[in-house]
Amino acid sequence: QVQLVESGGGLVQAGGSLRLSCAVSGGTFSRYVMGWFRQAPGKEREFVAGISWTGIVTLYADSVKGRFTISRDNAKNTVYLHLNSLKPEDTAVYYCAADRSSRVTREGYEYDIWGQGTQVTVSS
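What counts and how
- Residues numbered from 1 in each chain as written.
- Predicted model: local features only at pLDDT ≥ 70, side-chain atom pairs only at ≥ 80, totals over all residues.
- Heavy atoms only, no water.
- Helix = DSSP H or I, 4+ residues; strand = E, 2+ residues; numbered from the N terminus.
- Buried < 20%, exposed > 50% of the residue type's maximum accessible area, 1.4 Å probe, protein only.
- Lys, Arg positive; Asp, Glu negative; His and termini not counted.
- Salt bridge = Lys/Arg side-chain N within 4 Å of Asp/Glu carboxyl O.
- Polar contact = N/O pair within 3.5 Å; in protein donor to acceptor, adjacent residues only side chain to side chain.
- Contact = heavy atoms within 4.5 Å.
- 1 Å grid on protein atoms, 1.4 Å probe; cavity = no way out; pocket = protein on both sides within 12 Å on 5 of 7 lines; lining within 4 Å.
- Points joined across faces, edges and corners; volume = space filled by probe spheres on them.
- Nonpolar A, V, L, I, M, F, W, Y, C, P; charged D, E, K, R; others polar.
- Pairing = 2+ DSSP bridges.
- Axes fitted to C-alpha atoms, helices over the stretch in contact; angles between N-to-C directions.

Let us now look at the side chain of Asp99. Relative to the helices and strands, Asp99 is located in strand β9 (residues 92–99). The side chain of Asp99 sits in the buried core without any salt bridge; Arg103 is the nearest counter-charge, 6.9 Å away. Of the polar contacts made by the side chain of Asp99, one reaches the side chain of Ser101; its length is 2.8 Å. Residue contacts for Asp99: discarding those within four places in its chain leaves Arg31, Tyr32, Val33, Thr105, Glu110, Tyr111 and Asp112.

What follows deals with the layout of surface pockets. In this structure, the largest pocket occupies an estimated 180 Å³ of space. As for the largest pocket, its lining consists of 13 residues, of which Arg38, Ala40, Lys43, Glu46 and Glu89 are closest to the centre. Taken together, the residues of the lining of the largest pocket break down into two nonpolar, three polar and eight charged.

Moving on: the sheet that holds strand β8 (residues 78–83). Strand order in the open sheet formed by four strands is β1-β3-β8-β7, with antiparallel pairing between adjacent strands. Two strands bound the open sheet, and with one partner strand each, they are β1 (3–7) and β7 (68–73). Averaged over neighbouring strand pairs, the angle between their axes works out to 15° when direction is ignored. Examined bridge by bridge, strand β3 (residues 18–25) and β8 share six bridges and lie antiparallel to one another. Opposite Arg19, over in β8, you have His82 as the bridge partner.

Our next topic: the pattern of salt bridges. Scanning all chains against the criterion turns up four salt bridges. With a closest N to O distance of 2.8 Å, Asp90 and Arg67 form a salt bridge. Of the two residues, Asp90 sits in the loop between β8 and β9 while Arg67 sits in the loop between β6 (58–60) and β7, which places them 23 residues apart along the sequence. With respect to class, Asp90 is no different from Arg67; both count as buried. Via salt bridges that share partners, Arg38, Glu46, Arg67 and Asp90 belong to a single interconnected network.

Phi at Asn77 takes a positive value of approximately 55°, unusual for a residue other than glycine. Given the relative accessible area of 26%, Asn77 is considered partly exposed. Not every positive phi belongs to a glycine, and Ser85 is a case in point at roughly 50°. Within the element layout of this structure, Ser85 appears in the loop between β8 and β9. Residue classification places Ser85 among the partly exposed residues on the basis of a relative accessible area of 42%.

Below you can see the structure in the form of structure tokens.
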């Protein structure tokens, strides 16, 4: 059974940085498109970033483009999200997700497997 476990969340001041990690076990990691989503209190879940099998193709939400970077290490079965220049509006629970298809997508329903999430809180 494939499992995703996120880590790296925490409390940070505006302008600061964090690195989120998502460790994948129980499956062929290199065959999954990986994505990060987030959900703030009272808001719907939204797409943050996605990355292809090889890491060559990446996709970002406009709200994080230029500030966040998604990457993956297939040898370590881990996908990362580097969060820079954080803003209070980035505060949310961040979820890692895996998609067995071959196309990077923003659509949450395309992703088959989800982690439990990690909290990111940005203070002003």
